[in-house]
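Analysis of the macromolecular model
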Amino acid sequence: LWEKEVHKGVPPGPRHLKNSFASETPVTDGQMVYAYFGNVGVFALDMAGKLVWEKRFPPVRTRFGWGTAASPVRHQGRLYIVNDNDDASWLLALDKKTGKEIWKVDRPDEKTNWAPPFIWEHDGKTYIVTPGTVKTRSYDLDGKLLWEFSGMSSITIPVPFTKFGLLYVTSGYVGDQNRPVYAIKPGAKGDITLAKGQTSSEHIAWYLPQGGPYNVSPIIYGDVYYTLFARGFFTAHAARTGKEIYSKQRIDPAASAFTSSPWAYNGKIFALSEDGETYVIQAGPEFKVIGKNTLDELCMATPAIARGSLFIRTNSKLYRIARK
């Protein structure tokens with residue numbers, strides 16, 4: 001329908017092999033599309049492709065020159081953006097209609113992260129959750145710090161999510177011994193860091209010291225918390241308690257790495273490898289691969305689901321898959 005160029009120029013720095021200069025996922029409210037590029041700025045376009053407003057940011061250095069990737073989040077009348085980098089990290093709230101800054105919180109001790117913020121709504125309260133290498137923090141809608149904890153992996157990428165009244169936060173750089181998963185209870189205040197040897201507390205329902213994935217976000221389907229690891233292993237835990245259902249199972253000895261996150265439907269979990277192989281895994285207490293679909297092309301983006309269709313982006317194509 002339309003295509004709009006919002007910036008053209010020499011990139012201000014390098015990028016990771018798996019990154020691009022447009023890794024952040026745009027977001028829409030059905031009236032506007034908000035596209036954010038970490039080392040350029042944020043651009044708001046209407047549904048005809050007209051640029052309504054823009055807000056530019058100075059370029060910053062990122063760890064190892066890997067670039068930015070934390071996507072913006074829309075909530076009610078605001079757009080929330082986190083930019084954790086090696087120069088000056090911050091969390092920003094913008095008016096979605098005008099781009100006007102509502103508030104900005106500096107995060108001086110936090111360096112480069114790639115996880116987007118997450119909006120957690122529970123019992124009439126709203127938390128803005130920002131995973132971080134130094135600390136995972138939660139803010140209220142005015143930018144006031146509510147709670148925080150340390151103990152994440154040295155590289156933080158996966159997206160937090162909620163289920164059963166719990167917030168699930170994880171990180172798992174493959175080079176670390178510490179690759180944790182935390183299930184956080186609502187209503188916490190202050191520093192909720194677990195003491196050494198603890199696996200739960202007043203504010204943390206359960207914790208796994210080595211259950212976190214690298215790039216991939218976990219998924220809950222039914223009552224089970226499933227984790228897909230970058231090197232092709234798959235685990236299952238009870239979502240409410242963290243109890244192991246089955247330990248690491250190899251999906252396929254011939255499978256390549258996994259960067260996109262899994263999705264689920266009709267009693268099945270789907271895992272898309274970088275080689276374009278989608279493995280179909282049965283849901284439930286027993287691990288079993290029951291199918292495989294092939295696209296024969298590089299795939300690293302997580303598929304999207306909308307209007308009864310599955311959208312898969314490969315290196316050169318966009319697929320829409322639906323029932324006949």
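Read on for a plain summary of the structure.

What counts, and at which threshold
Residues numbered from 1 in each chain as written. Predicted model: local features only at pLDDT ≥ 70, side-chain atom pairs only at ≥ 80, totals over all residues. Heavy atoms only, no water. Helix = DSSP H or I, 4+ residues; strand = E, 2+ residues; numbered from the N terminus. Buried < 20%, exposed > 50% of the residue type's maximum accessible area, 1.4 Å probe, protein only. Core = buried A, V, L, I, M, F, W, Y, C linked by side-chain atoms within 4.5 Å. Contact = heavy atoms within 4.5 Å. Pairing = 2+ DSSP bridges. Axes fitted to C-alpha atoms, helices over the stretch in contact; angles between N-to-C directions.

We note that aspartate 123 has phi near 50°; this positive angle belongs to a residue other than glycine. In this structure, aspartate 123 sits in the loop between strand S9 (118–122) and strand S10 (125–130). Backbone geometry at arginine 307 places phi at a positive 55°, although glycine is not the residue there. Exposure remark for arginine 307: the relative accessible area of 86% places this residue in the exposed category.

Here we come to the nonpolar core. Core analysis: the largest hydrophobic core is formed by 17 residues, its most contacted members being Tyr226, Leu228, Phe234, Ile251 and Phe258. Listing elements by their share of this core, those giving two or more residues are strand S19 (224–228), strand S20 (233–238), strand S23 (268–272) and strand S24 (277–282). Among all residues touching leucine 228, those that are not within four sequence positions of it are Pro213, Val216, Phe233, Phe234, Ile251, Phe258, Ser260, Pro262 and Ala271. Core analysis: the second largest hydrophobic core is formed by 16 residues, Trp120, Leu167, Ile204 and Tyr207 among them.

Our next topic: the sheet that holds strand S5 (residues 73–75). The strand order S5-S6-S7-S8 describes an open sheet built from four strands, whose pairing is antiparallel. A single partner strand is all that each edge strand has here, and the edge strands are S5 and strand S8 (101–106). Adjacent strand axes in the sheet meet at a mean angle of 20° when their direction is disregarded. Where strand S7 (residues 90–95) lies against S8, five bridges are found, and the strand directions are antiparallel.

Further remarks concern the environment of leucine 298. Following the sequence through the fold, leucine 298 ends up in the loop between strand S25 (289–294) and strand S26 (304–306). Once you skip the residues sitting within four places of it in the chain, leucine 298 turns out to touch Glu274, Thr314 and Asn315.

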